[in-house]
Amino acid sequence: MTQIDDAQLAYAPQAPAAPVTRLSIMMFLQFAIWGSWAVLVAKHMHNLGFSDPQINLVYLTTAIGAMLSPLVAGSIADRFLPNQIFTGGVHLVGAALLLVAWQQKSFGGMFAVILAYAVLYMPTIALTNAIAFYHMKDSRKFGFIRVWGTIGWIVINWVMSFYLRMWEKQGPGASHLGDCLVAAAILSLLMGLYCFSLPNTPPSKQAKNPYAFLEALKLTANRNFAVLLVISFVVATELPFYYNLTILFLTEPGTGVGLPASQATLVMSLGQIAEVLIMLLLAPSLRRLGMRTTILLGILAWPLRYAIFAIGQPTWLVIAAQCLHGICYSFFFVGGMIAVERLAPKDIRASAQGLIVFATNGVGMLLGSLLAGQVADYFVLEGGGHAWAKIFLVPIVITVVAAVAFVLLFNERRFREDSERIEREAAIART
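The rules behind each value
- Residues numbered from 1 in each chain as written.
- Predicted model: local features only at pLDDT ≥ 70, side-chain atom pairs only at ≥ 80, totals over all residues.
- Heavy atoms only, no water.
- Patch = residues over 30% accessible without salt bridge, like charges linked within 9 Å, V, L, I, M, F, W, Y side chains within 5 Å.
- Areas by Shrake-Rupley, 256 points an atom, 1.4 Å probe, with all protein chains shown as cover.
- Salt bridge = Lys/Arg side-chain N within 4 Å of Asp/Glu carboxyl O.
- Helix = DSSP H or I, 4+ residues; strand = E, 2+ residues; numbered from the N terminus.
- Buried < 20%, exposed > 50% of the residue type's maximum accessible area, 1.4 Å probe, protein only.
- Axes fitted to C-alpha atoms, helices over the stretch in contact; angles between N-to-C directions.
- Parallel < 35°, antiparallel > 145°, perpendicular 65-115°, else oblique.
- Left-handed = near helix turned anticlockwise from the far one by under 90°.
- Contact = heavy atoms within 4.5 Å.
- Nonpolar A, V, L, I, M, F, W, Y, C, P; charged D, E, K, R; others polar.

S.K.: If you had to explain a nonpolar patch on the surface to someone new, which residues and values would you point to?
M.R.: On the surface, Phe 80, Leu 81, Ile 85, Leu 189, Leu 193 and Phe 196 cluster together into a nonpolar patch covering about 550 Å² of accessible area. Inspection of the secondary structure puts Leu 189 in helix H9 (residues 179–195). On the basis of relative accessible area, Leu 189 is assigned to the partly exposed category, the value being 41%.

In structure tokens form, the structure reads like this:
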């Protein structure tokens, strides 16, 4: 994900105000597109006979897209085209690519098409953020708009669950899991057309290094920032064990939970529902428990969930464990973003956030997808299925080690001192 152009934010007060509703619809569609295919496509590829490493290679295309996102968005959208025009055009092309992906039966074809799609889609996450910030009167209320992206992810998964259940009631037959790509294509078409109706968000036309956020590496001189960066990267390497493999674990008969795909899709949406609800607890937690304890709770929620997955029963507990995603995301990732915001001087805050995203959504997810694919393939059982307990032991070890390292290395007192000093310096600069 690219950082938002500082020039765009600077001119935001003079920009025409767009209704919150219109920006919320934009966010809803943006993440409904991703949610419609990201959950189910692993099971679809499994039915096509793809191996575990191949499935995870297809998933790592989004990590590649995230790493190339600054280049695409920074070099094209930020300098040549209005953001809403570029975003709309990309989604129209994306709709066509998703339909092509729906027709693919081989790994090579699927990988190539999804890679092309990911390189186009991932920059639009940052660009929709930029559009929202540009037209908002109060950027502090961005969360009220961004939450509709999570709602979009939830709603489309409920729709896909209902759709698959209708086919399951008709008895055994051709799989319709691949229709998730058609749903994504339809939503991408709608998003593309809708973007052209959004108010103008002009490019900054500033020639700049698209990877300028790497300059924030100098902040690693601050030990707490360095700890956040490294631990975020480490934790991100285990995310694909959840995003890429959970649908297979939930639907695999015998060795897994054995849920129908329609139910598994619904179960996985519980994580996003919990994310919306637990986000409300983040501010009180930071105020009462402090930054170190809040982020630590977010890290520990990961091994707890994987431990429940490894045990694999009772089914109700495995299903309930999905709700831990809310703590994982809200307390660790969003809490980490807030910590970075407080540790970075104002003039390089966007760069600091871009560096964290690059390390997690980019490099961390890429390496994690490679690892998850190899681990899942190594623990395939001779009679079919997977040794899920052994597979989930890997992310348990990773996250427990990360939690121990974080609690030992992150200094809460020093964090408060540094954040207060930076705030004082910013206040002086404003005067």
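S.K.: Any chance you could break down the packing of helix H4 (residues 52–59) against helix H7 (residues 107–135) for me, citing the residues and the numbers?
M.R.: Remark: H4 packs on H7, axes separated minimally by 9 Å, with the N-to-C direction vectors making an angle of 15 degrees. The angle between the axes of H4 and H7 places the two elements in the roughly parallel class. Where H4 crosses over H7, the handedness of that crossing is left-handed. Of the residues in H7, those in contact with Gln 54, Leu 57 and Val 58 of H4 are Phe 107, Met 110, Phe 111 and Ile 114. Of the residues contributing to the contact of H4 with H7, the split by class is six nonpolar, one polar and no charged.

S.K.: For the packing of helix H14 (residues 270–288) against helix H17 (residues 324–343), give the residues involved together with the corresponding values.
M.R.: Put simply, H14 and H17 touch, their axes get as near as 7 Å, and they point 45 degrees apart. Comparing their axes, H17 and H14 come out oblique. The chirality of how H14 crosses H17 is right-handed. Packed against H14, whose contacting residues are Gly 271, Gln 272, Ala 274, Glu 275, Ile 278, Met 279, Leu 281, Leu 282, Ser 285 and Leu 286, the element H17 presents His 325, Gly 326, Ile 327, Tyr 329, Ser 330, Phe 331, Val 334, Gly 335 and Ile 338 at the interface. Residues that form the contact of H14 with H17 fall into these classes: eleven nonpolar, seven polar and one charged.

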